[in-house]
Amino acid sequence: MQFMMPLDTNACAQPMRRAGEGAGTERLMERLNIGGMTQEKALRKRCFGDGVTGTARCVFTSDADRDTPHLRTQSSRKNYADASHVSAVILGGGTGVQLFPLTSTRATPAVPVGGCYRLIDIPMSNCFNSGINKIFVMTQFNSASLNRHIHHTYLGGGINFTDGSVQVLAATQMPDEPAGWFQGTADAIRKFMWILEDHYNQNNIEHVVILCGDQLYRMNYMELVQYLQKHVDDNADITISCAPIDGSRASDYGLVKFDDSGRVIQFLEKPEGADLESMKVDTSFLSYAIDDKQKYPYIASMGIYVLKKDVLLDILKSKYAHLQDFGSEILPRAVLEHNVKACVFTEYWEDIGTIKSFFDANLALTEQPPKFEFYDPKTPFFTSPRYLPPARLEKCKIKDAIISDGCSFSECTIEHSVIGISSRVSIGCELKDTMMMGADQYETEEETSKLLFEGKVPIGIGENTKIRNCIIDMNARIGRNVIIANTQGVQESDHPEEGYYIRSGIVVILKNATIKDGTVI
């Protein structure tokens, strides 16, 4: 994992050199006066000296060898944060309109991803891998499946918390606010501040990490905490994790500008027109990480924040007690009144906020080599243990695909697709550019045969069906000789009574839908 960490410009007057390239690198690292910051491995420090105003200077990466020297100055020890004094808050999101119809019966963090995971598994696993095990999840809309998954995976699924815990805080009716619904990200935390504050005081919490549940990435959150703690003498209050982004999506995010010290000097939420143009920055300092720096002229907030506990309490209870949302209301004001620092994340990150981005991110997992992989022996991603049998494939042709446990395929062709748990694909089927989420329930061969004998459609895909450019939600029943291809190129269309929607040209088969034999979409 890599972050661009802003440092003093004068301390970075030499070109970057990789660790092990000579004594000059070691002397430069000593001059930077950076305290050691590790969870399991030493963090390699690299410095950029291009003299660009308003850009970050130093890369912190956790891919160093175990024998890499662990640098620590005499003054760094007091600025070293302990993960046992860090708590995380994961926001369950709103109505999930842009991911509809996948969110018609579930919260956004409960949407399946990568074959066998749920989106909530991303921040949860990143927390555990960062050593953070005091976690609150705030839920509101369609939270039943999310609550069930959290319970099965993190409360009864074998994860050992030792001194940690995972607590679900659902939107509820309060005495002074009968409606009880969260009005924004800040309001969601504020409504449960009485619980959070008591927990923070009992556990000596010093920093709070605020996360969202609709992104795909791997990150050590403690690097953000360590960075904020390193600047404690500068009265740093908040750290924002940021990422370079292209112009086509810039208006969908909060954009930041920061100076040589890494202090954020401007934050605009979803700017357009002249405001968007004004947020362009020189990203030449990212030339080592991106092929075309001109393609990424903006730095976007990832919606990941680290705050000192006292600052969070002051912001929500006093200074900005009337404001409801972090991105659109609090942060634009906070950068003027607080010392807000920026860290630029340079590895894979995808905001899965729309059907298209969700679809593309899933299919990208099948590429060789993939930009993102769930499996890493040192930082694994956790999910609900299902104890399914291995996938069974009989005379199949499979190319560039992910196949999950419990699947059963017979004489079919699958290409550039992600197939979820307990999926059934019958003889003569062809799937291409398809995400099939699988099934919650496991139908045996006997049950499948009985349904077919009765003229019904079993869970899965029937014989000789051809599907491409499609998302198939959980427990869908697709009959024989069906064609799903959207050959007319329809971009948006609603057919709930027929069991599907079309979003951005992608056919989405609804959860529990039945598509009858011979249907053409």
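If you look the chain up in an unreviewed UniProt entry, it shows as glucose-1-phosphate adenylyltransferase from Oryza glaberrima. According to UniProt, the comment filed for the chain under the heading Sequence similarities (unreviewed entry) is "Belongs to the bacterial/plant glucose-1-phosphate adenylyltransferase family." Per its UniProt entry, the chain bears the Catalytic activity (unreviewed entry) comment "alpha-D-glucose 1-phosphate + ATP + H(+) = ADP-alpha-D-glucose + diphosphate".

1. Quick word on the pairing of strand 13 (residues 264-269)
In the sheet, strand 12 (residues 254-258) pairs with strand 13 via five bridges, with the strands oriented antiparallel. Bridged to Phe 258 within strand 13 is Val 264. Here strand 12 folds back onto strand 13, and the loop between the two strands holds five residues, one of which, Gly 262, carries a positive phi near 90 degrees.

2. Some thoughts on the nonpolar core
Core analysis: the largest hydrophobic core is formed by 70 residues, its most contacted members being Phe 358 and Ile 471. Counting residues per element, this core draws most heavily on helix 6 (residues 221-230), at six residues. Shared between two domains, this core takes at least three residues from each, and those domains are domain 1 (83-365) and domain 2 (392-515). Look past the residues within four positions of Phe 358 in its chain and what remains in contact with it is Leu 99, Leu 102, Val 111, Pro 112, Val 113, Ile 352, Met 435, Met 437 and Ile 471.

3. Concerning the pattern of salt bridges
Counted under the stated rule, the structure contains 16 salt bridges. Ionic pairing is found between Lys 308 and Asp 237, a salt bridge with its closest N-O pair at 4.0 Å. Within this pair, whereas Lys 308 is found in strand 14 (residues 298-308), its partner Asp 237 is found in strand 11 (residues 236-245), the two being separated by 71 residues in sequence. It is possible to trace a salt-bridge network through shared partners that takes in Asp 187, Arg 190 and Lys 191.

4. As for the layout of surface pockets
Space inside the largest pocket adds up to approximately 1200 Å³. For the lining of the largest pocket, the elements supplying multiple residues, two or more each, are helix 4 (185-191), strand 9 (207-212), strand 13, strand 14, helix 9 (326-337) and strand 16 (349-351). Looking at the lining of the largest pocket, the element that brings in the most residues is strand 14, giving four residues. Within the lining of the largest pocket, the residues separate by chemical class into 15 nonpolar, 20 polar and eight charged.

5. As for the side chain of Ser 422
As for its position among the elements, Ser 422 is in the loop between strand 20 (413-421) and strand 21 (424-425). Once you skip the residues sitting within four places of it in the chain, Ser 422 turns out to touch Leu 388, Asp 405, Gly 406, Cys 407, Ala 439, Gln 441 and Tyr 442.

6. Some words on empty space enclosed by the protein
By the definition in use, this model includes three cavities of 30 Å³ or more. Its volume calculated, the largest cavity comes out at about 60 Å³. Taken together, Ser 422, Ser 423, Arg 424, Met 436, Gly 438, Ile 459, Gly 460, Ile 472, Asp 473, Asn 475 and Ala 476 make up the full set of residues lining the largest cavity. Grouping the amino acids of the lining of the largest cavity by side-chain chemistry returns four nonpolar, five polar and two charged.

7. Focus on the pairing of strand 22 (residues 430-438)
Along strand 22, seven of the nine residues are buried, which leaves the element largely enclosed by surrounding structure. Where strand 20 meets strand 22, six bridges bridge the pair, whose relative direction is parallel. Of the residues in strand 22, the one forming a bridge with Val 418 is Met 435. Bridge count for strand 22 against strand 24 (residues 466-472) is six bridges, and the pairing is parallel. Note on strand 24: the bridge partner recorded for Lys 432 is Arg 468.

Parameters at a glance
Residues numbered from 1 in each chain as written. Predicted model: local features only at pLDDT ≥ 70, side-chain atom pairs only at ≥ 80, totals over all residues. Heavy atoms only, no water. UniProt positions renumbered as here; feature names shortened; annotations may be inferred. Pairing = 2+ DSSP bridges. Helix = DSSP H or I, 4+ residues; strand = E, 2+ residues; numbered from the N terminus. Core = buried A, V, L, I, M, F, W, Y, C linked by side-chain atoms within 4.5 Å. Buried < 20%, exposed > 50% of the residue type's maximum accessible area, 1.4 Å probe, protein only. Domains from an automatic or database assignment. Contact = heavy atoms within 4.5 Å. Salt bridge = Lys/Arg side-chain N within 4 Å of Asp/Glu carboxyl O. 1 Å grid on protein atoms, 1.4 Å probe; cavity = no way out; pocket = protein on both sides within 12 Å on 5 of 7 lines; lining within 4 Å. Points joined across faces, edges and corners; volume = space filled by probe spheres on them. Nonpolar A, V, L, I, M, F, W, Y, C, P; charged D, E, K, R; others polar.

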